[in-house]
Amino acid sequence: MPIADVMRAVTIIGSETYSKIHAAPTHMEKMRELLKTLNSDKAKSALYSLLKDQQIFLVKELERKGVQQGIPRSSGQTSSKLLKIESPPQHAETVQVPTIEQKTEKKQIPRWNKSSKRHGTKLEELLKETDIEKVGNLYFKKHEKYMISHSGSGAQVYIGLSEDGIEVAIKLITKNPKNNKDFENELNHLQDLKLESQYIVRYVTFEVGKDFFYLANRLCEYDLVDYMDYLRVQEQKDKDNALRKIVKEMLLGLKVLHDAGVIHRDIKPRNVLIDVDKRARLADFGISRKLEEGKTTVYTDRAGTRGWEATEILNQSEKGRYKKSSDIQVAGMLTYYILSDGKHPFGDELCCEVNIFKGEYSLDDVRDKKATDLVEWMINKDQNQRPPVHKVLDNPYFWDDKRYEEVIKKLGDRHEVQYYIGISEACKIKKTEKVLPAEAIERACRKQKVKAKILEMLGETEEVQGKTFENLSKLCDYSENYTKGKTFNQWKSELKDRWPDINIDKDTPEDLIGLLRCIRNDTVHNLKFDKERLDHFPDFFISLYRLTTDMGWDCTWS
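Residues numbered from 1 in each chain as written. Predicted model: local features only at pLDDT ≥ 70, side-chain atom pairs only at ≥ 80, totals over all residues. Heavy atoms only, no water.

(A) Layout of the sheet that holds strand β10 (residues 272–274). Strands sit in the order β8-β10-β11 across an open sheet of three strands; the sheet is antiparallel. Among the strands making up the open sheet, the edge pair consists of β8 (222–223) and β11 (280–282). As judged from the three bridges shared by β10 and β11, these two strands associate in the antiparallel manner. Opposite V272, over in β11, you have L282 as the bridge partner. (Pairing = 2+ DSSP bridges. Helix = DSSP H or I, 4+ residues; strand = E, 2+ residues; numbered from the N terminus.)

Here's what the structure looks like:
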């Protein structure tokens, strides 16, 4: 890039060529773009002079190889398939090309607010450079040494400083019609006060040059891919906790977007950054889109990254119909990627898109039952079955022991649970006999107090009683369905075998709600929540959360 900078300065290459060179991801491809323009002696002379000035060892090595293959040193030719550069012909115009040092002057950095641990040494080296560049309020150097990443659009990101000393990551976006639109879009999102959050990358400033937009955000330590490499050397317990924390913070960032009506559209590992406090932040909003007021869908050109697109997007062609649920499915893929140490639930690159399209996945690389259940819920092929982000965040996978105990007590004290024995018997009677709800309860309940409480729950009129009883019947059905095939489907005998002292009412149904009420009573009577008993049933809280969701019960206490 320094060589391309000089050649552009003396008008040997134009803006279009310069932009192509800058966008090329590797040195080899940059050189190929440059060599395409060397169609005159003047251009060849300039490049040869610059190479001798800046890369003398490379020139000597190429000339040495040329001599070994019988090419005279005086010809300036090499055997390289890439660099077929001739030294200037005897009568060719001599081009005076300024050196890199002549082109720029040393810039004075007023101060540096040191923060980064990982990039501190690199920033120190940057400040020692004699040809550091200054664009507006930004200081950096376009050199591979200081390039920290590529964005999905091919834009390169360099480490740098703002004029007031803030450490920044500067994304250089080549000007063209598409990039101009994406830059404006990303800038609008970063400047939106609704998106200000500790879980969203922090915007600093931007500058506009002749060929590039310069977008500066607060410097982060890692992107997710690099951070997972770092975590692989950590203790397993610490690693698991760190990964769970990343998942939650990534989802909290997505919640900020969705609450503001923004669909990200490009969720993937490289777009999750880890800051100096080890906090995950969502980044790269160039192709994000804001929903119109009252709308749930954005109709726009298909965009995103292969392997990280929702099923419904793959089913479409050029135009895409994006919903928040499209983000949820991809966030589910990313959740599995994080927890499985880099695996994709839909397989590798060769079959990934086909499997996403078919809805075929494997979750075998994650052992935590709550985690796999959460991922399975999020990546559902049917977008209408995926949970909104606030329900994802309220999943038992993110609960701590205090929350587990709180759920047991508060749900266990609901009237529907407290009087579940009588309700369950009444529902059985109602299903087999054509009687009114009140009569079914009269026949089911032996205790007058229980009977009176359930009748009070029903209401006074037959219409209200019918609707209320229908809801209670749903509770019994859900409880039965969420018990089938689960680890707790014979919980009475298993609890008695392991904890003989536990008190179990013989009339309690052996289903999900019955177990909930039993554990609630044991917790209250013994003044202690024994989570070990429920750890024996790893899918209990999963099933309980699904039931509360189906019933519309509030399970979101602090």
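(B) Representation of the pattern of salt bridges in the model. For the coordinates displayed, the defined rule picks out 38 salt bridges. Close ionic contact of D373 with R546 constitutes a salt bridge, the shortest N to O distance being 3.4 Å. Residue D373 is found in helix α14 (residues 369–378), and its partner R546 is found in helix α25 (residues 540–551); the two are separated by 173 residues along the sequence. For the pair D373 and R546, a shared accessibility class is recorded, and that class is buried. Between K467 and E463 there is a salt bridge, with the nearest N and O atoms lying 3.8 Å from each other. In this pair, K467 and E463 are both assigned in helix α21 (residues 462–481), four residues apart and thus about one turn of the helix distant. Here K467 matches E463 in class, with each residue exposed. Salt bridges here are not isolated pairs; linked through shared partners, they connect D229, R232, K239 and D341. (Salt bridge = Lys/Arg side-chain N within 4 Å of Asp/Glu carboxyl O. Buried < 20%, exposed > 50% of the residue type's maximum accessible area, 1.4 Å probe, protein only.)

(C) Summary view of the nonpolar core. Judged by nonpolar contacts, the single largest core of 68 residues is most densely connected at I246, L251 and L334. Once residues lying within four places of it in the same chain are set aside, the contact partners of L251 are A331, M378, V389, V392, L393 and F398. One finds Y482, F488, L515 and L544 within the second-largest nonpolar core, a separate group that totals 47 residues. (Core = buried A, V, L, I, M, F, W, Y, C linked by side-chain atoms within 4.5 Å. Contact = heavy atoms within 4.5 Å.)

(D) Up close: the side chain of H264. Locating H264 in the fold gives a position in the loop between β9 (262–263) and β10. For H264, a relative accessible area of 0% gives the class buried. Side-chain polar atoms of H264 contact the backbone nitrogen of I267, separated by 3.5 Å. A distance of 3.3 Å separates a polar side-chain atom of H264 from the backbone oxygen of D284. (Polar contact = N/O pair within 3.5 Å; in protein donor to acceptor, adjacent residues only side chain to side chain.)

(E) Highlighting unusual backbone geometry. If you check the backbone angles, R265 has positive phi at about 75° while not being a glycine. With respect to the secondary-structure elements, R265 resides in the loop between β9 and β10. The phi angle at D341 is positive, at roughly 65°, despite the residue not being glycine. Inspection of the secondary structure assignment puts D341 in the loop between α12 (324–339) and α13 (352–358).

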